[in-house]
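Close look at the chain arrangement
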Amino acid sequence: MLLAPVHTTEPELHAPLLPPSHAHRPPPLKIRIGLKMFLTFLLSFIVPPVWSVHMSWENWRSALRNGGDEFEPPISQPHIVFILVDDQGFRDVGYHGSEIKTPNLDRLAAQGVKLENYYVQPLCSPSRSQLMTGRYQIHTGLQHSIIRATQPNCLPLENITLPQKLKEAGYSTHMVGKWHLGFYKRGCLPTQRGFDTFFGSLLGSGDYYSHYKCEGPGMCGYDLYEGEEAAWEQDRGLYSTVMFTRKAVSILANHDPHKQPLFLYLAYQAVHSPLQVPARYLERYKGIPNPHRRKYAAMVSCLDEAIHNLTLALKHFGYYDNTVIVYSTDNGGQPLAGGSNWPLRGSKATYWEGGIRGVGFVHSPLLVKKGSKCLTLVHITDWFPTLVTLGGGTLDEDQNLDGYDVWEAISEGRPSPRLDILHNIDPIYIKAKNGSWKAGYGLWNTAVQAALRVGHWKLLTGVPGYSDWVPPQTFSNQRLTTRHHNERVRWDRGKSIWLFNITADPYERVDLSQQYPHIVKKMLMRLVQYNKTAVPVRYPAKDLRSNPQYNGGVWGPWYKDEKQERNEEEERYNNLLTNHLGKRRWKNKSRNIKLKRKAEH
């Protein structure tokens, strides 16, 4: 049902002049307010006041197509919607030439700004930590691998987070989806790190329907949260992409966009393994013979549809005209799980371009140069200062941010303030057998895994990871794990240092380390300078207390410091003492009653 607009304009000059009582002038203020209240009341029957996570796609998608409430003027601060997708490969979007159909992502990107020189980290936790803090891994202690479910580890509490800064600026902050920044104690949870609400998972992956995850034999548990409690009552076995989108729409429906700015962080589980998807999305990819690629493609299509429904909700509820939407993947695709980074080299978990060059775009009516490409360097750490500044927040000098405010570079096409990127230095990962100080000109031990970008140049040391180029035709009906193609690179060549001109050679096919030793030395010196600012690595051993069987079958906080344990021990002692004294008093009272009855008889 479409509502007719309320006409408040004066009559056109050629309209016949009528007596004042009949002139087409705006109704008095009281009548306009009354009319608005009546229309709002009428809309309440069309649009449910509380949008349920369990409404069907069809029910609320058809409702969303009806126009939204546009009566209130927009607030000055923009609403921010940050969409983080898991394991989407560089090629796995329509506008990068994929066979996977993503019409909605293509349209949003085409009408916004495509980030075509955009970098993330090669794994989940590292990208998320840098998004949340605006700081490199070497400055948070998360240089090595990911935060595992069994580790007493999380994003260090001394780091101020993006939602905390936006909350200071007056934003309502909400997170839906995958956290993966640790949960071993309560202070690590999203609602303790700046989010007003949280609905999603704490771990890095899990079943899309049951929301269970096993970290080994006898280490299985439930992983779906509402706030700081397991969301048993919210769970109807819904596919997580659908469930998270409906929750996001519910948040939009129950917030007033004209009174307070909103920050929504929507971190999808898709398209991370396990490869699961509703059957109806598989129909359109019958022609893909490889089962991994077919399921993966269907998962991307479901995700594309979810983004479309989210955009409809933004328009319907009056957010869209004052909203900045950021879309980003967290790392490169995994070919063994159906992802494709072609024509880039490498995959997820590597420092080749295929592991760190991200799919990304910004869509917003607030952009100055819509329909353009941003070719200057942008890194995931840049979102912290960019979004805080855009939201009217303040940046503290003592935060020592590694990110830059790149809004003008994105929106107006100006040069980016970013000239280099430290992809990482991992002092624990030293697997390069031929790495040495000698190979690093006495400046750097090339056994250490490290990667650095300065201008056009990119330097890698140690073992950067799986280095194949995986062309589309590789996705045959054979299993990728047993298929070797012509471009496989063996690691017995004795190399531990590489130099590429990424601008001229984005596919990393021509190593220039021997031709330009002076460039190598300069970049090694830059690594040395960065390494001087690094903090110790946080990568604790497995803690058996993390087992969900000790926590009611749920993955959740388990760690207690000495003060907590002492307080709980005192509380148990007091309860025990109270119970003991109560029992003694009851025994004495009971004995007195018996003696009194005996005396009476």
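Please refer to the structure higher up on the page.
Note that this is a predicted model, so its numbers are computed, not measured.

1. Examining the side chain of His96
Position of His96 among the secondary structure elements: in the loop between β1 (79-85) and α3 (103-111). Judged by relative accessible area, which is 18%, His96 ranks as buried. At a separation of 3.1 Å, a polar atom in the side chain of His96 contacts the side chain of Glu116.

2. Quick notes on empty space enclosed by the protein
A complete count under the given rule lists 2 cavities of 30 Å³ or more for this structure. Roughly 100 Å³ of internal volume is contained in the largest cavity. Lining the largest cavity are 14 residues, with Ser201, Gly206, Asp207, Asp223 and Gln269 sitting closest to its centre. Looking at the lining of the largest cavity, the elements with two or more residues in it are β5 (197-201) and α6 (240-253). Here the lining of the largest cavity is built from residues that sort into 3 nonpolar, 8 polar and 3 charged. Taken as a whole, the second largest cavity encloses approximately 40 Å³ of empty space. Ser125, Pro126, Leu142, His144, Ser145, Ile146, Ile147, Asn153 and Arg538 are the residues that line the second largest cavity. Grouping the constituent residues of the lining of the second largest cavity by class yields 4 nonpolar, 4 polar and 1 charged.

3. Structural notes on the packing of α3 against helix α7 (residues 291-316)
Interaxial distance between α3 and α7 falls to 7 Å at its minimum, and their mutual angle equals 55°. Compared by their axis directions, α3 and α7 come out oblique. Each of Pro103, Asn104, Leu105, Arg107 and Leu108 in α3 lies in contact with α7, whose residues at this interface are Asp304, Glu305, Ile307, His308 and Thr311. Of the residues that constitute the contact of α3 with α7, the class distribution is 4 nonpolar, 3 polar and 3 charged.

4. Remarks on the sheet that holds β5
Taken in spatial order, the 10 strands make up an open sheet running β9-β8-β5-β4-β10-β1-β11-β12-β2-β13, and their pairing is mixed. Sheet topology places β9 (229-230) and β13 (372-374) at the edges, where each strand pairs with a single neighbour. Note: strand β2 (residues 113-115) against β13, 3 bridges, orientation parallel. In the strand pairing of β13, Lys114 is matched with Lys373.

5. Quick look at the environment of Ile502
Within the secondary structure, Ile502 is located in the loop between β18 (497-501) and α11 (517-532). The spatial distance from the C-alpha of Ile502 to the C-alpha of Glu353 is 9.0 Å, given a sequence separation of 149 residues. Apart from residues lying up to four places away in sequence, Ile502 is in contact with Tyr119, Glu353, Arg357, Arg453, His456, Lys458 and Glu508.

6. Considering unusual backbone geometry
The step from Ala270 to Val271 runs through a cis peptide bond, and the omega angle for that step is 10°. Residue placement: Val271 occurs in the loop between β10 (262-267) and α7. Residues Ser273 and Pro274 are joined by a peptide bond in cis, for which omega reads 5°. Among the structural elements, Pro274 can be located in the loop between β10 and α7. The residue His211 is not glycine, and still its phi comes out positive at about 65°. Note on placement: His211 falls in the loop between β5 and β6 (212-214).

Cut-offs used in this document
All residue numbers refer to positions counted from 1 along the written sequence of the respective chain. pLDDT decides what is reported in this predicted model: residues at 70 or higher carry local features, side-chain atom pairs at 80 or more are listed and counted, and totals for whole chains, interfaces and linings draw on all residues regardless. To obtain the side-chain values, all non-hydrogen atoms of the structure were included, while hydrogens and water were left out. Strands are runs of DSSP state E lasting at least two residues, helices are runs of H or I lasting at least four, and both sets are numbered from the N terminus onward. Accessible area is worked out with a 1.4 Å probe on protein chains only. A residue is then buried under 20% of its type maximum, exposed over 50%, and partly exposed in between. Residues adjacent in sequence count toward polar contacts only when both atoms are side-chain atoms; beyond that, a polar contact is any pair of N or O atoms within 3.5 Å, and within protein one must be able to donate a hydrogen and the other to accept it. Detection works on a 1 Å grid of protein atoms alone, calling trapped sets that fit a 1.4 Å probe cavities and calling open sets with protein on both sides within 12 Å along at least five of seven lines pockets, with lining residues defined by an atom within 4 Å of a point. Grid points are joined across faces, edges and corners, and a volume is the space filled by probe spheres set on the points. In the scheme used here, Gly and all other residues not listed as nonpolar or charged are polar, with Ala, Val, Leu, Ile, Met, Phe, Trp, Tyr, Cys and Pro taken as nonpolar and Asp, Glu, Lys and Arg as charged. Axes here mean lines fitted to C-alpha atoms, for a helix over just the part in contact, with angles spanning 0 to 180 degrees between N-to-C directions. Roughly parallel refers to an angle under 35 degrees, roughly antiparallel to one over 145, roughly perpendicular to one between 65 and 115, and oblique to any angle outside these ranges. Contacts are residue-level and defined by heavy atoms, with any inter-residue pair within 4.5 Å sufficient. At least two DSSP bridges between two strands are needed for those strands to be called paired.

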